[in-house]
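Topology and contacts: notes
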Amino acid sequence: MAGLIITNGRIICPRTRRDATGDVWIEEGRIVDIELQSSPTNSGGRNKSASMATGKPRNQFEEIDARGCIVSPGFVDLHTHLREPGGEEAETIATGTAAAAAGGFSAVCCMPNTRPVNDNISVMKMILERAQATGSVRVFPVAAVSIGSRGEQLTDFEALKAAGAVCFSDDGKAVRTETLMKNALEVAKRVGSFVSDHCEAWNAAEDGVIHDGSVARELGIRGLPRSSEDSMVERDIRAAEQTGAHVHIAHISTAGAVSLVRHAKQQGVAVTCEATPHHFSLTDEAVKKYGADAKMKPPLRAASDVEAVVEGLADGTIDAIATDHAPHLASEKAQGFAAAPFGITGLEAALALALQQLLQPGHLDWFRLLELLSSSPARILGRPDLGRVDVGAWGDLTILDPNQEWVFRASDSFSKSRNTPFDGWKFRGRVRTTLVAGKVVFEAGAMRPGGADH
Ligand code: DOR
Ligand code: ZN
């Protein structure tokens, strides 16, 4: 396999805190050399004639000119719904990972609420085989905490972990009881994993549709209260504290939950959390404009919650940006607001929203932004070989043009589904190229045939 050199890019690695212009040399899937133009010890990356690591001449490497672009670690999504098996009309592993590649994600964690649920080895194996055969990016399956995600009996964590589970979740619902959560955390800790929880009280989850606030009252729609999330976050923190195990809070959405996590971290509890682009970009007002394409769980909340989420992303309380990419059929979303399923697609607009809502207004800098998208989720997954632009790491990289102006069109999406409120939004900053293990999987708006060899 030919090597690859990415030349003249602004290399920003949040893990090594490197921000410098230079060339990245990749061989056999891994980064073998980084030549910085400003480095006093060499004459400049552009002039280097051979790989420092292998001595291979430059002309044996394919070259990608990244002038004017940023070279970041490939993004890692902790929360993606790929829908295969069972929901292939809305998304498949092939289309969902293509959307991921287009969004700059070189790895996605796929949630277990498929049909059947990923609560056993045979579903796990099937997902991994399909990912190998049809996926464009790395697929890290999340296994269910409980059989059928019904909240009764724990799955076989040990066997599922051995088969490839990166963590455990009953996403779509919370882990049902505190006792079950504690048991799950104990076992997760024993097998070297963690539990990601969708924090929403079971009783409150039943008939609420949007955030319980002024918009719900105005529209006469049943609300989903903040307390339903906050009480579960509180419970999970308590369970993590008592077991000494790691709990991860999925798609955090309330100011109260953010401050609970902040406080728990100060106390040394092993808690991490993620926030979605929609929860830092939109309030419940969006429901009036976008209808069912602004319906998801947890719901879009008030401006004060959005502010708290942004603050949490900036100050380190929130560890990762995760998309909760949740494709649904147009026919299902058209059933009327109350009956439409919860969820929106998220992979392809994630970076653009993060730039628009977080970086461009100055809430955080490039290091922090790229950390939230790459090195921090990689760290949560225990993968130091991902989420860094550094010699020895995998050549999983995202090349992005920070100045390109573009319009996101749902109709151009690589996802099978179109359920997004961001259709037609104008952005500055776009993914140009996504590499997985040194292979280009997406480039300039198109998928590269062949997919990832990972
Ligand atoms: O909005 C959501 N959609 N939230 C979830 O937790 C599940 C997801 C889905 O699977 O559609
Ligand atoms: Zn969820």
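Below is a short write-up of the structure. Along each chain, the written sequence defines residue order, and numbers are assigned to residues from 1. To label them, take the chains in the order written and letter them from A, then take the ligands in the order written and number them from 1. Predicted model: local features are reported for residues with pLDDT of at least 70 only, side-chain atom pairs are reported and counted for 80 or more only, and whole-chain, interface and lining totals are derived from all residues. Side-chain numbers come from the whole structure's heavy atoms, not from hydrogens or water.

1. Side note on helix α4 (residues 178-190)
A run of H or I in DSSP becomes a helix once it reaches four residues, and a run of E becomes a strand once it reaches two; helices and strands are each numbered from the N terminus. Here, expected helix span is obtained from the residue count minus one, scaled by 1.5 Å. Taking 1.5 Å per residue, 13 residues should reach 18 Å; α4 reaches 18 Å between its end C-alpha atoms and fits that length. Classification of residues uses two cut-offs on accessible area relative to the type maximum, computed with a 1.4 Å probe and protein chains only: under 20% is buried, over 50% is exposed, and between them is partly exposed. Looking at α4, one finds that the buried residues are Leu180, Met181, Ala184, Leu185, Val187 and Ala188. Immediately downstream of α4, the backbone of glycine 192 shows phi near 75°, a positive value.

2. Some words on the coordination of the zinc ion (ligand 2)
Put simply, a metal with four donors set out as a tetrahedron has ideal angles of 109.5 degrees, and one with six donors set out as an octahedron has ideal angles of 90 or 180 degrees. Coordinating donors are taken to be N, O and S atoms lying within 2.8 Å of the metal, or within 3.2 Å when the metal is Na, K or Ca; because water is excluded from the atom set, some sites may appear incomplete. Here the zinc ion (ligand 2) is held by Asp171 (OD), His198 (ND1) and His251 (NE2), and the distances to it run 2.0 to 2.3 Å. Donor angles set the geometry label: tetrahedral for four donors if every angle is between 85 and 135 degrees, square planar for four and octahedral for six if opposite donors exceed 155 degrees and the others are between 65 and 115, irregular for anything else. Taken together, the four donor atoms surrounding the zinc ion (ligand 2) define angles of 81 to 127° at the centre, an arrangement classified as irregular. Every donor residue of the zinc ion (ligand 2) comes from the same chain, spaced as D-x26-H-x52-H. In this pair, aspartate 171 is assigned in the loop between β9 (167-168) and α4 and histidine 198 in the loop between β10 (195-197) and β11 (210-211), connecting sequence segments 27 residues apart. We classify aspartate 171 as buried; its relative accessible area is 6%. For histidine 198, a relative accessible area of 3% gives the class buried.

3. Quick notes on the state of the cysteines
Two cysteines, two sulfur atoms, one covalent bond between them: this is a disulfide. Cysteine sulfur atoms are paired as a disulfide whenever they come within 2.5 Å of each other. Taken as a whole, this structure holds zero disulfides when the rule is applied. Here cysteine 109 stays unpaired: no disulfide links it, and the sulfur of cysteine 167, its closest cysteine neighbor, is 6.0 Å away. Given a relative accessible area of 3%, cysteine 167 falls into the buried group.

4. Concerning the packing of aromatic side chains
Pairing of aromatic rings covers Phe, Tyr and Trp, the last through its six-membered ring, and needs centres within 6.5 Å; plane angles under 30 degrees mean stacked, over 60 mean edge-to-face, and all others mean tilted. Taken as a whole and judged by the stated rule, the model has eight aromatic pairs. With 6.0 Å between their ring centres and 90° between their planes, phenylalanine 414 and phenylalanine 442 make a pair best called edge-to-face. Linking phenylalanine 414 in the loop between β16 (397-407) and β17 (426-436) with phenylalanine 442 in strand β18 (residues 439-443), this pair joins segments that are 28 residues apart in sequence. The exposure class assigned to phenylalanine 414 is partly exposed, which follows from its relative accessible area of 25%. Judged by centre distance (4.8 Å) and plane angle (90°), the ring pair of phenylalanine 422 and tryptophan 425 falls under edge-to-face. An aromatic cluster is built from Trp406, Phe408, Phe422, Trp425 and Phe427, whose rings are joined through pairwise contacts. Note on criteria: charge over ring means Lys NZ or Arg CZ within 6 Å of the ring centre, with the direction from the centre no more than 35 degrees off the ring normal. Note that arginine 17 overlies the ring of phenylalanine 367, its terminal NZ or CZ placed 4.2 Å from the centroid. Above the plane of the ring of phenylalanine 342 lies lysine 295, whose end atom (NZ or CZ) is 4.5 Å from the centre.

5. Here we look at the packing of helix α1 (residues 93-102) against helix α2 (residues 121-134)
The interhelical angle for the contact between α1 and α2, taken along N-to-C directions, is 60°, at an axis separation of 9 Å. Relative to α2, α1 is oriented oblique. α2 is crossed by α1, and the crossing has right-handed handedness. Facing Ile93, Ala94 and Thr97 of α1, the residues of α2 in contact are Ile127, Arg130, Ala131 and Thr134. Orientation is described by axes fitted as lines to C-alpha atoms, over the contacting stretch for helices, and by angles from 0 to 180 degrees between their N-to-C directions. In what follows, roughly perpendicular refers to angles from 65 to 115 degrees, roughly parallel to angles under 35, roughly antiparallel to angles over 145, and oblique to any angle outside these ranges. Crossings are classed by handedness, with left-handed meaning an anticlockwise turn of the near helix from the far one by less than a right angle and right-handed meaning a clockwise turn. Note on contacts: a residue pair is in contact if any heavy atoms of the two residues lie within 4.5 Å.

6. Overview of the pattern of salt bridges
A carboxyl oxygen of Asp or Glu within 4 Å of a side-chain nitrogen of Lys or Arg is what we treat as a salt bridge. What the rule picks out here adds up to 21 salt bridges. Among the salt bridges present, the one from lysine 288 reaches glutamate 285, with a minimum N-O distance of 3.1 Å. Relative accessible area serves as the criterion here: at 40%, lysine 288 is assigned to the partly exposed category. By relative accessible area, which is 40% here, glutamate 285 ends up partly exposed. One continuous salt-bridge network, built from bridges that share partners, spans Asp23, Arg58 and Glu63.

7. Describing the site of ligand 1
A cutoff of 4 Å decides nearness: a residue is near a molecule or strand if any of its heavy atoms lies inside that distance of it. If you check the shell around ligand 1, you find 14 residues, and the closest are Arg83, Asn113, His198, Lys297 and His328. In the model, a nitrogen atom of ligand 1 is placed 3.1 Å from a nitrogen or oxygen of the phenylalanine 342 main chain. Glycine 343 places a main-chain nitrogen or oxygen 3.2 Å from an oxygen atom of ligand 1. Protein chains bury 93% of the 290 Å² of accessible surface belonging to ligand 1 in isolation. Charged residues are taken to be Asp, Glu, Lys and Arg, nonpolar residues to be Ala, Val, Leu, Ile, Met, Phe, Trp, Tyr, Cys and Pro, and polar residues to be all remaining types, Gly included. Classifying every residue of the shell around ligand 1 gives three nonpolar, seven polar and four charged. Here a polar contact is taken to be a pair of N or O atoms separated by no more than 3.5 Å, where protein atoms must pair a possible hydrogen donor with a possible acceptor and residues adjacent in sequence count only if both atoms sit in side chains. All accessible-area figures derive from a Shrake-Rupley calculation using a 1.4 Å probe, and residue coverage is judged against the displayed protein chains alone.

8. A closer look at the pairing of β16
In this sheet, β16 lies alongside strand β5 (residues 70-73) in antiparallel orientation, the contact comprising four bridges. Within β16, the residue paired with proline 73 across the bridge is leucine 397. Of the pairings in the sheet, the one linking β16 to β17 comprises eight bridges and is antiparallel in character. Bridge pairing in β17 places isoleucine 399 opposite threonine 433. Between any two strands, at least two bridges found by DSSP are needed for them to pair.

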